[in-house]
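Analysis of the macromolecular model
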Amino acid sequence: MYYFDPAGINLEVNDLVVVGVEHGLKICRVVIAPKQVISSELTEPLKPVLRKASPEDLEQQEKGLQKEREAIVKCKELADKFKLPIKILDAESDSI
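Starting from 1, residues in each chain are numbered consecutively following that chain's sequence as written. For this predicted model, a pLDDT threshold of at least 70 governs which residues receive local features, and a threshold of 80 or more governs which side-chain atom pairs are given and counted, while totals over whole chains, interfaces and linings are taken from all residues. With hydrogens and water stripped out, all remaining heavy atoms of the structure feed into the side-chain values.

1. Quick look at the side chain of S93
- Structurally, S93 is set in the segment after helix 1 (55-81).
- S93 gets classed as buried once you look at its relative accessible area, which sits at 17%.
- In the analysis that follows, any N or O atom pair within 3.5 Å is treated as a polar contact, provided that within protein one partner can donate a hydrogen and the other can accept it, and provided that, for residues neighboring in sequence, both atoms belong to side chains. Only 3.3 Å separates the side chain of S93 from the backbone oxygen of G64, close enough to count as a polar contact.
- Every residue in contact with S93, bar those within four places of it in the chain, is listed here: K26, G64, K67 and E68. Each helix is a run of DSSP H or I of at least 4 residues and each strand a run of E of at least 2, with the numbering of both proceeding from the N terminus. Using a 1.4 Å probe on the protein chains alone, a residue whose accessible area is under 20% of its type maximum counts as buried, one over 50% counts as exposed, and one in between counts as partly exposed. Here a residue-residue contact requires only that any non-hydrogen atoms of the pair lie within 4.5 Å.

2. Some words on the pairing of strand 1 (residues 16-21)
- Any two strands are treated as partners once DSSP identifies two or more bridges connecting them. Alignment of strand 1 against strand 2 (residues 24-29), held across 6 bridges, turns out to be antiparallel. From the neighbouring strand, L16 faces strand 2, where its bridge partner is R29.
- Connecting strand 1 to the antiparallel partner strand 2 that follows it, the hairpin turn spans 2 residues.
- Relative to strand 3 (residues 49-52), strand 1 is paired through 3 bridges, and the arrangement is antiparallel. Across the sheet, the residue bridging to V19 is V49, located in strand 3.

3. A closer look at the layout of surface pockets
- Within this model, the largest pocket holds a volume of roughly 720 Å³.
- Of the two site types, the cavity is a set of points on a 1 Å grid over the protein atoms alone where a 1.4 Å probe fits but cannot get out, and the pocket is an open set with protein on both sides within 12 Å along at least five of seven lines, each lined by residues with an atom within 4 Å of a point. Lining the largest pocket are 27 residues, with M1, Y2, Y3, F4 and L46 sitting closest to its centre.
- Counting only elements with at least two residues in the lining of the largest pocket, the list comes to strand 1 and strand 2.
- Grid points are joined across faces, edges and corners, and a volume is the space filled by probe spheres set on the points. Taken as a whole, the second largest pocket encloses approximately 240 Å³ of empty space.
- Mapped onto the lining of the second largest pocket, the elements with two or more residues apiece are strand 2 and helix 1.
- The dominant element in the lining of the second largest pocket, judged by the number of residues it contributes, is helix 1, at 6 residues.

4. Considerations on the sheet that holds strand 3
- Pairing is antiparallel across the open sheet formed by 3 strands, whose spatial order is 2-1-3. Bordering the open sheet on either side are strand 2 and strand 3, each of which pairs with just one other strand. Neighbour to neighbour, the strand axes of the sheet diverge by 30° on average, direction disregarded. To obtain each axis, a line is fitted to C-alpha atoms, and for helices this fit is confined to the stretch in contact; angles are then taken between N-to-C directions over 0 to 180 degrees.

Structure below.
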């Protein structure tokens, strides 16, 4: 679980939001309402929530997940073809 600054956005539990992470933008689900966070538990400045996720954000996320699934299949095929002793675990597409 990661903490983000709601940045003035009215957020409720289960809202989907867009946040900036190390490798771009990601959609996350609010699991603790901002009012429920104990400020003494926070040890560093928080990155802001950029916005609530839009239908376009969700569509882009689904396209990214599909690309990840396709990449895993292709990598497994190539590993088999070249008899590589590797196990493909995961893939990560571009952010939204």
